[in-house]
Amino acid sequence: MKAVVVYESLWGNTAAIARAIAEGIGSGTQALPTDQATAIVAGGVDLIVAGAPILAFSLPTEAIRNAQAANPGKSPIPADLSHPSMRAWLDVLPAGKGHSASFETRIWWSPGSSAKAIESRLVKLGYSPVAKPQRFLVKGSYGPLGPGELEKAQRWGAELARLMF
Ligand SMILES: Cc1cc2nc3c(=O)[nH]c(=O)nc-3n(C[C@H](O)[C@H](O)[C@H](O)COP(=O)(O)O)c2cc1C
């Protein structure tokens, strides 16, 4: 089973969760930012796992990403905007017949869901979900991840691998 974990991450929380999911899936699965995942997906994968943070109650828009670039002093570390957004990546993802799973990082009380938005776009492209959208919690606006979230991500990755067999 060939899988890839694709992520958008401005401050590193989603990237860390993506790496833990990839470890849980095993079999050399890589966690890659959007643009770096394009080639591996084009080569054919059985499972695309895609994740992004919720920003302003939504899958990050270009407007909210630009606002981070315009106000670099607001965050404890500058936002990494060197990779395209998940939204932009999904806009050019070719239709396919593989499987998918989606996740988000978020604070606990927020409305909105990046994972559900990703899932619905993947379904429209033909990738059928193997699991419900998953959420991973951070403690504050910029992180860090909540206790046990990396372990939960690893367990979820292992569960996805089981569901694929
Ligand atoms: C400008 C900004 C807006 C945010 N808006 C939301 C939100 O609406 N809902 C939510 O659950 N979390 C929100 N968060 C928290 C982020 O989703 C959380 O920190 C996420 O893990 C960041 O992911 P990253 O480190 O991979 O970029 C926001 C954080 C920032 C900095």
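Residues numbered from 1 in each chain as written. Predicted model: local features only at pLDDT ≥ 70, side-chain atom pairs only at ≥ 80, totals over all residues. Heavy atoms only, no water.

Caption draft 1: Structural context of the overall build of the chain. Scanning the chain from terminus to terminus reveals 6 helices and 6 strands. When the elements of the chain are put in sequence order from the N terminus, they spell out β-α-β-α-β-α-α-β-α-β-β-α. Taken over the C-alpha trace, the chain has a radius of gyration of 15 Å; the compact-globule value for 165 residues is 15 Å, and the two agree within 12%. With respect to the principal axes defined by its C-alpha atoms, the chain has extents near 45 × 35 × 25 Å. Here the chain holds 165 residues, and 49% of them are scored as buried. Here the contacts in the chain between residues at least 6 apart in sequence split such that 79% fall between residues at least 24 apart. Roughly 7900 Å² of accessible area belongs to the chain as shown, and the carbon and sulfur atoms make up 57% of that amount. Seen as two clouds, the 16 positive and the 12 negative side-chain charges of the chain have centres 5 Å apart. (Helix = DSSP H or I, 4+ residues; strand = E, 2+ residues; numbered from the N terminus. Rg over C-alpha atoms; globule rule 2.2 N^0.38 Å. Buried < 20%, exposed > 50% of the residue type's maximum accessible area, 1.4 Å probe, protein only. Contact = heavy atoms within 4.5 Å. Areas by Shrake-Rupley, 256 points an atom, 1.4 Å probe, with all protein chains shown as cover. Lys, Arg positive; Asp, Glu negative; His and termini not counted. Charge placed at Lys NZ, Arg CZ, Asp CG, Glu CD.)

Caption draft 2: Seen up close, the site of the ligand. Taken together, 21 residues surround the ligand, and among them Ser9, Thr14, Ile54, Phe57 and Ser141 come closest. Trp11 places a main-chain nitrogen or oxygen 2.9 Å from an oxygen atom of the ligand. Residue Ile54 places a main-chain N or O atom 2.6 Å away from an oxygen atom belonging to the ligand. About the coverage of the ligand: the protein hides 91% of its 640 Å² of free accessible area. Breaking the shell around the ligand down by element, the ones donating at least two residues are helix H1 (13–25) and strand E4 (99–106). (Near = heavy atom within 4 Å. Polar contact = N/O pair within 3.5 Å; in protein donor to acceptor, adjacent residues only side chain to side chain.)

Caption draft 3: Main features of helix H3 (residues 62–70). Within H3 the residues assigned to the buried category are Ile64, Arg65 and Gln68. All buried residues of H3 project into a common sector of 100° when viewed along the axis, lining one side. Summarising the geometry of H3, the exposed residues directed more than 90 degrees from the buried face are Ala63 and Ala70. (Arc of directions from axis to C-beta.)

Caption draft 4: Broad picture of the packing of H1 against helix H6 (residues 149–163). Where H1 contacts H6, the two axes come as close as 6 Å, and the packing angle between them is 40°. Classed by the angle they form, the pair H1 and H6 counts as oblique. Note on packing geometry: the crossing formed by H1 with H6 is right-handed. For the pair H1 and H6, the contacting residues are Ala16, Ile17, Ala20, Ile21, Glu23, Gly24 and Ile25 in the first and Glu149, Leu150, Ala153, Gln154, Trp156, Gly157, Ala158, Leu160 and Ala161 in the second. (Axes fitted to C-alpha atoms, helices over the stretch in contact; angles between N-to-C directions. Parallel < 35°, antiparallel > 145°, perpendicular 65-115°, else oblique. Left-handed = near helix turned anticlockwise from the far one by under 90°.)

Caption draft 5: Broad picture of a nonpolar patch on the surface. On the surface, a cluster of nonpolar side chains totalling about 450 Å² of accessible area is made up of Phe57, Trp108 and Trp109. Among the structural elements, Trp109 can be located in the loop between E4 and helix H5 (114–124). (Patch = residues over 30% accessible without salt bridge, like charges linked within 9 Å, V, L, I, M, F, W, Y side chains within 5 Å. Salt bridge = Lys/Arg side-chain N within 4 Å of Asp/Glu carboxyl O.)

Caption draft 6: Summary view of the pairing of strand E3 (residues 47–53). Of all 7 residues in E3, 7 are buried, a share of seventy percent or more. Of the two faces of E3, the one carrying Leu47, Val49, Gly51 and Pro53 and the one carrying Ile48, Ala50 and Ala52 are both buried. Alignment of E3 against E4, held across 7 bridges, turns out to be parallel. Counted as the bridge partner of Ala50 is Ser102 from E4. (Pairing = 2+ DSSP bridges.)

Fair warning: the whole summary comes from geometry, so function is off the table for now.
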